[in-house]
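Single-letter residue listing:
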Amino acid sequence: MASAYRTQKSAVVEDLLKKLLGVEIDEEGKIMVNGQEIKQVMIDGKEFFGNDPKIATKYLPTDMIERLQVVERKSDLEEVTGIDDGNRQYVINLKVKRDMKRGVFGTATAGAGTEGRYEANALINRFANERQITGLFGSNNTNNMEFSDMLKGIPSQIASQVAQAATNGRGEIRTHMAGTNYADLLLNKKLKIDGNLFIANFNREELRALHRKNFQASGFNTVNQAQSTTNESTQFKTGWRLDYRPTSQTRIFFRPDIVVGNGKQGDTSLIDSAYSKNHYRDKNFYLNGTLTINHNLRKRGRSISMDIAGQISHTLNNSDTWTDKLRFPNGNPSQPTPTPLTWQYSDRTTDRNEYRIRLNYSEPISKTLQITTSYQLKKRYHHHRQNDS
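Some words on the overall build of the protein chain
Here is step 1 of the chain: Each helix and strand counted, the protein chain has four helices and 19 strands in total.
Here is step 2 of the chain: At a minimum sequence separation of 6, the contacts of the protein chain that also span at least 24 residues come to 63%.

Written out as structure tokens, the structure is:
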């Protein structure tokens, strides 16, 4: 029972987890329970913002929780067919108090500091029995990327660099994001649906300067370096899970995930007499989907199933670089001699497609044993094109 652990009135799920034996939470919000990583949080058995558990643990209040469970969850394929594909994972399931299952509630925080620093977040829930709707909003310039899990697996070099910079504390990062999560039972409770929409914009700026004097027997030389880097990435991500039971013998799972985004990066550097500028832009598109259909035949334990999965990934990158060098033949910085300007352009396109179809037939041979026969067809395609000038 969650009420057995005393927490402050403003406490969130993460505060409760820290009081439980066997639970470890690192600085990035990664959750380990008895050595097993928690990659998902569910509410009353429904997925909540996909595979980003930090949204639930950092923003859901503890006073809505009646019970917190750590369970081993089967994959969609195993849940439908009973075939263990080795893709089980541990998840946290939050049981909501009965009096909180109808109504509107949420949390909001805001703060400001010196040098224009600010941070604001809000999470609003509307529950109506089986229907769950959550809205999430946030903005800050404090390098707080608590939702960086949404960037995992995105084929964008710029988005990955921004997430890595936030982890290492490099530069100033401004984050603006909004998302919504929806879960419900429809069609006379034959269709269970849960999914989310998420959009985020990340802006990063980093300035670095170096001034160094090297003393030698013949005198000394001076090294001056200055570098400015800006990154901007906007990503839209949506993921859904549909569990449909048209009849008592047939069950259908469909899980689509889509990511669309773009980004740009600018680098300006001055190293002694060499000045260069680089502009980099990318666009990314990612589509992943799985469809699992299972039909139980008349004989108990006998079934046929089909599992279809596909993935499409497209990334477009282009960059241009200008380099301008100055020479000082008389050793006087006030009398530079320019050299010819150099320019380089690069255009790269990467496509990765993968498709798989698997057919399964299960036949019981006793009350406790069954034989499963599978046939799988898989195809992969990878194409990379690059033009330089």
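Resuming the write-up.
A closer look at the sheet that holds strand β2 (residues 31-33)
Here is step 1 of the chain: Pairing within the open sheet is antiparallel, and its three strands lie in the order β1-β2-β3. Each edge of the open sheet carries a strand with a single partner, namely β1 (23-25) and β3 (36-38). If you compare each strand with its neighbour and ignore which way they point, the axes differ by 30° on average.
Here is step 2 of the chain: Relative to β3, β2 runs antiparallel, the two sharing three bridges. What sits directly across from Met-32, in β3, is Glu-37.

Quick look at the sheet that holds strand β6 (residues 65-73)
Here is step 1 of the chain: Spatially, four strands are ordered β5-β4-β7-β6 in an open sheet, and the strand pairing comes out mixed. Each edge of the open sheet carries a strand with a single partner, namely β5 (46-47) and β6.

Quick look at unusual backbone geometry
Here is step 1 of the chain: The phi dihedral of Leu-187 falls on the positive side, at around 55°, and the residue is not glycine.
Here is step 2 of the chain: Summarising the element assignment, Leu-187 is placed in the loop between β11 (172-186) and β12 (191-216).
Here is step 3 of the chain: Backbone geometry at Asn-188 places phi at a positive 55°, although glycine is not the residue there.
Here is step 4 of the chain: Along the chain, Asn-188 turns up in the loop between β11 and β12.
Here is step 5 of the chain: Note on Asn-188: relative accessible area 75%, which makes it exposed.

Some remarks on a nonpolar patch on the surface
Here is step 1 of the chain: A cluster of nonpolar side chains, namely Leu-197, Ile-199, Phe-236, Ile-258, Val-260 and Phe-285, defines an oily patch on the protein surface of about 420 Å² accessible area.
Here is step 2 of the chain: Elements with a minimum of two residues in the nonpolar patch: β12 and β14 (250-271).
Here is step 3 of the chain: Along the chain, Phe-285 falls in strand β15 (residues 274-296).

Remarks on the nonpolar core
Here is step 1 of the chain: Core analysis: the largest hydrophobic core is formed by 36 residues, its most contacted members being Leu-17, Leu-60, Met-64, Leu-68 and Leu-94.
Here is step 2 of the chain: Setting aside residues up to four positions removed in sequence, Leu-60 forms contacts with Val-12, Val-13, Ile-43, Phe-48, Ile-55, Leu-94, Leu-123 and Asn-125.

Looking at the packing of aromatic side chains
Here is step 1 of the chain: Overall, the coordinates contain four aromatic pairs when judged by the stated rule.
Here is step 2 of the chain: Measuring from centroid to centroid gives 5.4 Å for Phe-105 and Phe-127, while their planes differ by 85°, and the two rings are edge-to-face. Of this pair, Phe-105 sits in strand β8 (residues 102-112) while Phe-127 is found in strand β9 (residues 118-128), placing the two residues 22 residues apart along the sequence. An identical accessibility class is assigned to Phe-105 and Phe-127; each is buried.
Here is step 3 of the chain: Clustering of aromatic rings is evident, with ring pairs tying together Phe-48, Phe-49 and Phe-198.

A word on the environment of Met-306
Here is step 1 of the chain: Within the secondary structure layout, Met-306 lies in strand β16 (residues 303-327).
Here is step 2 of the chain: Its relative accessible area of 27% is what places Met-306 among the partly exposed residues.
Here is step 3 of the chain: Expressed as a C-alpha distance, the spacing of Met-306 and Leu-291, which sit 15 residues apart in the sequence, is 8.0 Å.
Here is step 4 of the chain: Setting aside its immediate chain neighbours within four residues, Met-306 contacts Leu-291, Thr-292, Ile-293, Ile-357, Arg-358 and Leu-359.

Structural notes on the side chain of Lys-46
Here is step 1 of the chain: Mapped onto the secondary structure, Lys-46 falls in strand β5.
Here is step 2 of the chain: In terms of polar contacts, Lys-46 uses its side chain to reach the side chain of Glu-130, at 2.9 Å.
Here is step 3 of the chain: Those residues in contact with Lys-46 that sit more than four places away from it in its chain are Glu-130, Gln-132, Ala-183, Lys-192 and Asp-194.

Details of the pattern of salt bridges
Here is step 1 of the chain: Here the structure, examined in full by the defined rule, presents 26 salt bridges.
Here is step 2 of the chain: Across the pair Lys-264 and Glu-232 runs a salt bridge, and its minimum N-O distance is 3.9 Å. Of this pair, Lys-264 sits in strand β14 while Glu-232 is found in strand β13 (residues 219-244), placing the two residues 32 residues apart along the sequence.
Here is step 3 of the chain: If you follow the salt bridges from partner to partner, you end up with Glu-47, Arg-73, Asp-76, Glu-79, Arg-241, Asp-243, Arg-251 and Arg-255 in one network.

Re the pairing of strand β18 (residues 342-364)
Here is step 1 of the chain: Across 19 bridges, β18 lies against strand β19 (residues 370-388) in antiparallel orientation. Paired with Thr-349 across the two strands is Arg-385, which belongs to β19.
Here is step 2 of the chain: A loop of five residues connects β18 with β19, the two strands running antiparallel in sequence.

Here we look at the confidence of the model for the protein chain
Here is step 1 of the chain: Averaged over every residue, the pLDDT of the protein chain is 83; the share at 70 or more is 87%.
Here is step 2 of the chain: Summarising per-element confidence for the protein chain, the mean pLDDT is lowest in strand β17 (residues 337-338) (64) and highest in strand β10 (residues 131-140) (92).

Things to note about the environment of Glu-363
Here is step 1 of the chain: Along the chain, the position of Glu-363 falls in strand β18.
Here is step 2 of the chain: On the basis of relative accessible area, Glu-363 is assigned to the buried category, the value being 18%.
Here is step 3 of the chain: Here Glu-363 is in contact with Lys-299, Arg-302, Gln-370 and Ile-371, once residues within four sequence places are set aside.
Here is step 4 of the chain: Within polar-contact distance, the side chain of Glu-363 engages the side chain of Lys-299 at 3.3 Å.

Some words on the environment of Thr-109
Here is step 1 of the chain: With respect to the element layout, Thr-109 can be found in strand β8.
Here is step 2 of the chain: Sequence-wise, Thr-109 and Glu-119 are ten residues apart; in three dimensions their C-alpha atoms are separated by 8.0 Å.
Here is step 3 of the chain: If near-sequence neighbours (up to four positions away) are discounted, Thr-109 is found in contact with Glu-119, Ala-120 and Asn-121.

How each quantity is defined
- Residues numbered from 1 in each chain as written.
- Predicted model: local features only at pLDDT ≥ 70, side-chain atom pairs only at ≥ 80, totals over all residues.
- Heavy atoms only, no water.
- Helix = DSSP H or I, 4+ residues; strand = E, 2+ residues; numbered from the N terminus.
- Contact = heavy atoms within 4.5 Å.
- Pairing = 2+ DSSP bridges.
- Axes fitted to C-alpha atoms, helices over the stretch in contact; angles between N-to-C directions.
- Buried < 20%, exposed > 50% of the residue type's maximum accessible area, 1.4 Å probe, protein only.
- Patch = residues over 30% accessible without salt bridge, like charges linked within 9 Å, V, L, I, M, F, W, Y side chains within 5 Å.
- Areas by Shrake-Rupley, 256 points an atom, 1.4 Å probe, with all protein chains shown as cover.
- Salt bridge = Lys/Arg side-chain N within 4 Å of Asp/Glu carboxyl O.
- Core = buried A, V, L, I, M, F, W, Y, C linked by side-chain atoms within 4.5 Å.
- Phe/Tyr/Trp six-rings, centres within 6.5 Å; stacked < 30°, edge-to-face > 60°.
- Polar contact = N/O pair within 3.5 Å; in protein donor to acceptor, adjacent residues only side chain to side chain.
- pLDDT = per-residue confidence, 0-100.

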